[in-house]
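Examining the three-dimensional arrangement
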Amino acid sequence: MNPIPVDSRAQEIMNQVQEATSSPKVTIVTDKQGEVLELAVNGPMRKVVDLSELTYIAKVISMRYEVAGYHTILDGLQMDVGIFKNVFALSTMIDDDKILIVVVPKTTDLLEIIHVGETVKDISTSPLENLIEK
């Protein structure tokens, strides 16, 4: 039986998320088709999220990036935050072929989860003052 090869970029992303926040979380790295490359569940998230839904969530989020060029409008989607009944779900395109999904309890500071996306993508989502007319 051959072991499944480890996707080193996906593992690197998982490590960055672990370093960026200590919040309980579900971290998923998928390819553009929604196939799970890496998955980690820590803290009490097993009680908050139905683990059987994780592969479905990965597929649905990946579809959003391809539908009608959703990730390319308004000069490109940096990240997306879904607000659900009990959790926040952040998703962001990492490479041309990888998507990061981080699900945290709603008790997590929303700015903390956004900072995770900024750290992994090496971007800032702060408004650009020089582009905003006053």
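Now for a description of the structure that goes with this document. Computed from a prediction, not measured in an experiment: that's the story for all the values here.

1. Some points on the overall build of the chain
A count of helices and strands for the chain gives four helices and five strands. Written out in order from the N terminus, the α and β elements of the chain read α-β-β-α-α-β-β-β-α. When burial is assessed residue by residue, the chain has 37% of its 134 residues classed as buried. Long-range contacts, defined as pairs at least 24 residues apart, comprise 52% of the intrachain contacts of the chain with a sequence gap of at least 6.

2. A closer look at helix α4 (residues 110-121)
The end-to-end C-alpha distance of α4, which contains twelve residues, comes to 17 Å, matching closely the 16 Å that a straight helix rising 1.5 Å per residue would cover. Residues of α4 that are buried: I113, I114, V116, G117, E118 and V120. For α4, the secondary structure elements touched by its buried residues are α1 (8-20), β3 (80-83), β4 (87-95) and β5 (98-105). For α4, the capping residue at the N-terminal end is D109, with a side-chain oxygen 3.0 Å from the backbone nitrogen of L111.

3. Some details on the pattern of salt bridges
Under the defined criterion, the tally for this structure stands at four salt bridges. Residue D80 is joined to R64 by a salt bridge in which the shortest nitrogen-to-oxygen separation is 2.8 Å. Remark: R64 occurs in helix α3 (residues 54-66) and D80 occurs in strand β3; sequence separation between them is 16 residues. Note on D80: relative accessible area 15%, which makes it buried. In this structure, K98 engages D97 in a salt bridge whose closest nitrogen and oxygen atoms are separated by 3.6 Å. Its relative accessible area of 38% is what places D97 among the partly exposed residues.

4. Section: the nonpolar core
Ranked by internal contacts, the top residues of the largest apolar core, which has 16 residues, are I13, V17, V29, L100, V102, I113 and V120. Elements with a contribution of two residues or more to this core: α1, β4, β5 and α4. Excluding residues within four positions of it along the chain, I13 makes contact with V29, I94, L100 and V120. By size, the runner-up hydrophobic cluster in this structure holds 15 residues, among which are V26, I28, V49 and A58.

5. Side note on the pairing of β4
Most of β4 is tucked away: eight of the nine residues are buried. Summarising the sheet, β3 and β4 pair through four bridges and their orientation is antiparallel. Note that in β4 the partner of G82 across the bridge is A89. Where β3 hands over to β4, the hairpin turn is made up of three residues, counted between the paired strands. In this sheet, β5 lies alongside β4 in antiparallel orientation, the contact comprising eight bridges. Within β5, the position partnered with S91 by the bridge is I101. Counting the residues in the hairpin turn of β4 and β5 gives two residues.

Criteria and thresholds
Residues numbered from 1 in each chain as written. Predicted model: local features only at pLDDT ≥ 70, side-chain atom pairs only at ≥ 80, totals over all residues. Heavy atoms only, no water. Helix = DSSP H or I, 4+ residues; strand = E, 2+ residues; numbered from the N terminus. Buried < 20%, exposed > 50% of the residue type's maximum accessible area, 1.4 Å probe, protein only. Contact = heavy atoms within 4.5 Å. Expected span 1.5 Å × (residues − 1). Polar contact = N/O pair within 3.5 Å; in protein donor to acceptor, adjacent residues only side chain to side chain. Salt bridge = Lys/Arg side-chain N within 4 Å of Asp/Glu carboxyl O. Core = buried A, V, L, I, M, F, W, Y, C linked by side-chain atoms within 4.5 Å. Pairing = 2+ DSSP bridges.

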